[in-house]
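The residues making up each chain are set out below.
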Amino acid sequence: MAKVEKCSCGSDDEGLMDRLVEIIFSFKDKPGALIPVLQATQSLFGFIPQEAILKISEILNEPLSKVHGVITFYSFFSLKPRGKNLIRVCLGTACYVQGANEVLTALKQQLDIEIGETTPDKMFTLDVGRCFGACGLAPIIMVNDDVHQWVKPSGVKKILTGYKNKKVVNQEEGK
Amino acid sequence: MILTEEKTLLLKSDADLQALYKAILKSKEKNSEKIFICAGGGCIASGSKKVKEAFVKQIQSAGLNEKVSIMETGCLGPCAIGPVVVIEKDDTFYQKVRAQDVKDIVEQHLIGGKVVESLLHPVGENKVAKKSELPFFKNQDKQVLRNCGKIDPTEIKDYISCGGYQALSKVLTSMSSEQVVQEVSISGLRGRGGAGFPTGTKWNFARKSIDETKYILCNADEGDPGAFMDRSILEGDPHSIIEGMAIGAFAIGSSQGYVYVRAEYPLAVERLQIAIEQARSFGLIGENILGTGFNLDLEIRKGSGAFVCGEETALITSIEGNRGEPRPRPPFPAEKGLWNKPTVLNNVETFSNIPFLINVGGAKFAEKGTEKSKGTKIFALAGTVKISGLVEVPVGTPLRKLVYDIGGGISTSKKFKAAQIGGPSGGCIPAEHLDVPLDYESLNKLGAIMGSGGLIVMDESNCMVDVARFFLEFVQDESCGKCVPCREGTARMKQIVDRICEGKGEMKDLEELELLAITVTNSSLCGLGQTAPNPVLSTLRHFKEEYIEHIRDKKCRTAVCKELIVFEILDVCNGCQACKKVCPVEAILGDKKQQHIINTELCIRCGLCLSTCKFDAIVKY
């Protein structure tokens, strides 16, 4: 299955829409195509724009209500644009017993947003996850595809600064 | 043609496979000393990529390229002490290796022949060098994880060199589908996803279903928080899953398989994709496999962040492109599953057991484990335990052995309180039952379940009422909403437990919780709802006193339940004002260099003062 990377070429929305239409057609004859198409859309745009939903519904011949129903069911799909960096705090059991709630509180305080919200400067979106399978390193937060382990509430500021400065905090300093 | 130098090689018969196998083994005889660097998800997060780069550089500058080769492997197990490195020639195990340590390893150990003491794992007062002598490893029995840590998961030839695809060849060239099913039935293998349904029985139902189109599905939607067994197999030995699925497909008569992997595992998806493409190019899946006329194609479908899609019928519905809502059974998927065709769904670990089972035979497989639960089980040991990570032991191993002999005991200064096993469908085992054998029946008797293998160790700092509340919140978040008992029943249960945690509970709440639990269990549509009350029932059974304290005394003995915590500033306060400055509600009073005091009426119990104080002057109780 082709991996769809988030487009960073600076193309305008129309360019992306053309790309999306190509992708939808490539999946059209696959059984159960709707979800892989939505996954590709999410990857391409960072969320699922209304225009994309219309195109998907039209080309795959699925009712709009169904497409909407599927999007709103799965937590990975977002109808709203997300920030440049998606922070997901793991609230799985192992992370929870190792203090993940305190880490989440610290992040909320630092960013001054609630779960599901994006900072006004569009740098960060805060979300929770329910286990990334790195339980031996709890508590975990993921920022985009980077895993940060043994996160302490006091260490949160440094991690955020790293992304603001477009650097990834040295993983070995995480503990 | 030098077989081992071919990047891809279409194997058209068992003879081709055997020739390649022998050629690879022969080439390994002359091969260099290996350095295994764990590239499981955990060690990657801890920085193993930088360690690998450092090894490449140091080996090069020491002129050892011909003599030493570096291999990135799947998860070795002890994630908490990663990045881990194993020197093959003398089985030396190094822990917490950083890039700056690599020069010493190369110069002192590889060249000088002397181990680097500071990187060895301590056991008591001593340091132990050999991996096979470490309690973490010697107390395990790696069957499913046999290849993890020894092979490059992105290299099919490594898998073949360990006997990979021999079982598939044996099945396709010398067994009938009935014989395969019989072998699996004799083994007593039970589904490793949590339900523990006999695998041979499931395959037999599907085998007998009359339909030309059948599907074989792998459930890699490992959603239980605290579980990472399947992740490690997907990342560390993906071909074992492919081989297991191919054997299953042959047994039931399917030529199309899907692996449903959760989206939270991008590395697992990547490695599995590589493995499928390699298997295809080597002719081990696709058309006319090994010239036997058997066809199978495999495709990956990714999840999109819904825990309920780990449930069999919800997973099927999701592949079909719908909201992941479960369906009533009967009809069971073996009869009418994906697109209404006979379908077998098994867990990653179940499939990974299959090649080994076929190779040794069902009877031999059944020699391990207990009377009713055969083989080994992988557990993901996490929480307040010294060495958290991946562990494989025979089914029936006592819990105590896992926590103390393998896990090294409690990582904090507090005592063991409970082991939560089975995820949101499971229960808590208290200290008095530490010797419980980890098998399906013994755990059921204590109100827990084996589950997929997630095992979270908790110490005295965990509030068991809060644990119940945590799981109810999880279920409420993840409930698909289709059936009333789960959607509404767990909501009401959560309201009651919330009230108890806030100090507003009443004694009659405990009866109401039990009654609701019975209703939700008996009338929910799927396993998510049916098992959602388990954490509550289990904590009520083993930790009722804590519930009573919350209700009667308005007290949380572990100071976890926010509304019941009291924060206090002690006499040692030196009036530095640090806590006063961070308090978001200005609840702290006191002048500079004077004893500070917290106004408990205003205090919102956020804990910022406690974490800010550098003089241990603030306590909570």
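Conventions used here
- Residues numbered from 1 in each chain as written.
- Chains lettered and ligands numbered in written order.
- Predicted model: local features only at pLDDT ≥ 70, side-chain atom pairs only at ≥ 80, totals over all residues.
- Heavy atoms only, no water.
- Pairing = 2+ DSSP bridges.
- Helix = DSSP H or I, 4+ residues; strand = E, 2+ residues; numbered from the N terminus.
- Axes fitted to C-alpha atoms, helices over the stretch in contact; angles between N-to-C directions.
- Expected span 1.5 Å × (residues − 1).
- Buried < 20%, exposed > 50% of the residue type's maximum accessible area, 1.4 Å probe, protein only.
- Arc of directions from axis to C-beta.
- Contact = heavy atoms within 4.5 Å.
- Buried area = accessible area lost by both parts, 1.4 Å probe.
- Salt bridge = Lys/Arg side-chain N within 4 Å of Asp/Glu carboxyl O.
- Polar contact = N/O pair within 3.5 Å; in protein donor to acceptor, adjacent residues only side chain to side chain.
- Nonpolar A, V, L, I, M, F, W, Y, C, P; charged D, E, K, R; others polar.
- Phe/Tyr/Trp six-rings, centres within 6.5 Å; stacked < 30°, edge-to-face > 60°.
- Lys NZ or Arg CZ within 6 Å of the ring centre and 35° of its normal.
- pLDDT = per-residue confidence, 0-100.
- Right-handed = clockwise from strand over helix to strand, strands pointing away.
- Disulfide = S-S within 2.5 Å.

Peer 1: A description of the sheet that holds strand 13 (residues 416-421) of chain B should follow, citing residues and the corresponding values.
Peer 2: All names here are of chain B. Strand order in the open sheet made by the five strands is 12-11-15-13-14, with mixed pairing throughout. The open sheet has two free edges, formed respectively by strand 12 (389-394) and strand 14 (427-430), since each of these has just one partner strand. Averaged over all adjacent pairs, the angle separating strand axes in this sheet is 30 degrees, with direction ignored.

Peer 1: Please provide a residue-by-residue account of helix 1 (residues 14-29) of chain B, values included.
Peer 2: Because each turn of an α-helix spans 3.6 residues, side chains separated by three or four positions in sequence point in the same direction. Residue and element names in this part refer to chain B. In this model, helix 1 (16 residues) spans 23 Å end to end at C-alpha, consistent with the 22 Å of a helix rising 1.5 Å per residue. Those residues of helix 1 that fall on the buried side of the exposure criterion are Leu 17, Gln 18, Leu 20 and Ile 24. In an axial view of helix 1, the angular spread of the buried residues amounts to 160 degrees, which keeps them on one side of the axis. Exposed side chains of helix 1 directed beyond 90 degrees from the buried face belong to Ala 15, Lys 22, Lys 26 and Glu 29.

Peer 1: A description of the interface of chain B and chain A should follow, citing residues and the corresponding values.
Peer 2: At the junction of the two partners, chain B supplies 62 residues and chain A supplies 40 residues. Its largest share of buried area at the contact with chain A, chain B owes to Ser 304, Arg 323 and Phe 470 of chain B, together 15% of the area lost on that side. Between chain B and chain A we count one salt bridge in total. A salt bridge links Lys 30 of chain A to Glu 299 of chain B, with the shortest nitrogen-to-oxygen separation between them at 3.4 Å. Counting every contact that joins chain B to chain A gives 20 residue pairs in polar contact (both at pLDDT 80 or more). Where the side of chain B that touches chain A is concerned, the elements lending two or more residues are helix 2 (41-45), strand 8 (256-261), helix 12 (266-281), strand 9 (297-302), helix 13 (312-319), strand 11 (376-383), strand 15 (454-459) and helix 18 (464-478) of chain B. Tallying contributions element by element places helix 18 of chain B first for the side of chain B that touches chain A, with eight residues. Looking at the side of chain B that touches chain A, its residues break down into 26 nonpolar, 18 polar and 18 charged.

Peer 1: Give me the lowdown on the pairing of strand 14 of chain B, citing residues and values where you can.
Peer 2: Residue and element names in this part refer to chain B. Sheet analysis places strand 13 next to strand 14, joined by four bridges and oriented antiparallel. Counted as the bridge partner of Gln 420 is Cys 428 from strand 14. Turn length for the strand 13-strand 14 hairpin, with the two strands adjacent in sequence and antiparallel, is five residues, and the turn residue Gly 422 shows positive phi of about 100 degrees.

Peer 1: Got a sec to walk through unusual backbone geometry? Specific residues and values, please.
Peer 2: Backbone torsion omega between Gly 82 of chain B and Pro 83 of chain B reads 0 degrees, so that peptide bond is classified as cis. Tracing the backbone shows Pro 83 of chain B in the loop between strand 2 (68-73) and strand 3 (85-87). With an omega of 5 degrees, the peptide bond running from Pro 330 of chain B to Pro 331 of chain B counts as cis. Mapped onto the secondary structure, Pro 331 of chain B falls in the loop between helix 13 and strand 10 (343-347). Positive phi values are uncommon outside glycine, yet Asp 112 of chain A reaches one of about 60 degrees.

Peer 1: Could you give an account of the sheet that holds strand 7 (residues 215-220) of chain B, naming the residues involved and the relevant values?
Peer 2: Residues and elements named next belong to chain B. The sheet built from four strands is open, its strands ordered 9-8-7-10 with parallel pairing. Taken across any chain shown, the strands that pair with only one partner, and hence form the sheet edges, are strand 9 and strand 10. With direction set aside, neighbouring strand axes in the sheet form an average angle of 20 degrees. As paired strands, strand 8 and strand 9 are joined by six bridges and run parallel to one another. For Val 259, the partnering residue across the bridge sits in strand 9 and is Ile 300. This element, helix 12, spans strand 8 and strand 9 of the sheet and lies at about 165 degrees to strand 9.

Peer 1: Tell me about the packing of aromatic side chains, residues and numbers included.
Peer 2: Residues and elements named next belong to chain B. Within this structure, the stated rule accounts for 13 aromatic pairs over all chains. With 5.1 Å between their ring centres and 85 degrees between their planes, Phe 136 and Phe 137 make a pair best called edge-to-face. Here Phe 137 falls in the buried class, since its relative accessible area comes to 11%. The side chain of Lys 131 reaches across the aromatic face of Phe 137, ending 5.1 Å from its centre. One residue, Lys 377, lies across the ring of Phe 379, its end atom 5.8 Å from the ring centre.

Peer 1: Explain the environment of Leu 516 of chain B residue by residue, including any values.
Peer 2: The topology assignment puts Leu 516 of chain B in helix 20 (residues 508-523). For the pair Leu 516 of chain B and Pro 485 of chain B, spaced 31 residues apart in sequence, the C-alpha separation works out to 9.0 Å.

Peer 1: Explain the confidence of the model for chain B to me, and be specific about the residues and the numbers.
Peer 2: Predicted confidence across chain B gives a mean pLDDT of 94, with 99% of residues reaching 70 or more. Interface confidence for the predicted complex, expressed as ipTM, amounts to 0.88; the pTM equals 0.91.

Peer 1: Outline the pairing of strand 8 of chain B, listing residues and values.
Peer 2: Residues and elements named next belong to chain B. In terms of burial, strand 8 is a largely internal element, five of the six residues being buried. By the bridge criterion, six bridges tie strand 7 to strand 8 in an arrangement that is parallel. Each residue of the ladder has a partner; that of Leu 217, found in strand 8, is Tyr 258. Following the backbone out of strand 8, through helix 12 and into the adjacent parallel strand 9, one traces a crossover that is right-handed.

Peer 1: Which residues make up the state of the cysteines, and what are the values?
Peer 2: Taken as a whole and judged by the stated rule, the model has zero disulfides over all chains. Its sulfur unpaired, Cys 95 of chain A is 3.7 Å from the next cysteine sulfur, which belongs to Cys 90 of chain A. Summary of cysteine pairing: Cys 480 of chain B is not part of a disulfide, and the nearest cysteine sulfur, belonging to Cys 526 of chain B, is at 6.3 Å. On the basis of relative accessible area, Cys 480 of chain B is assigned to the buried category, the value being 17%.

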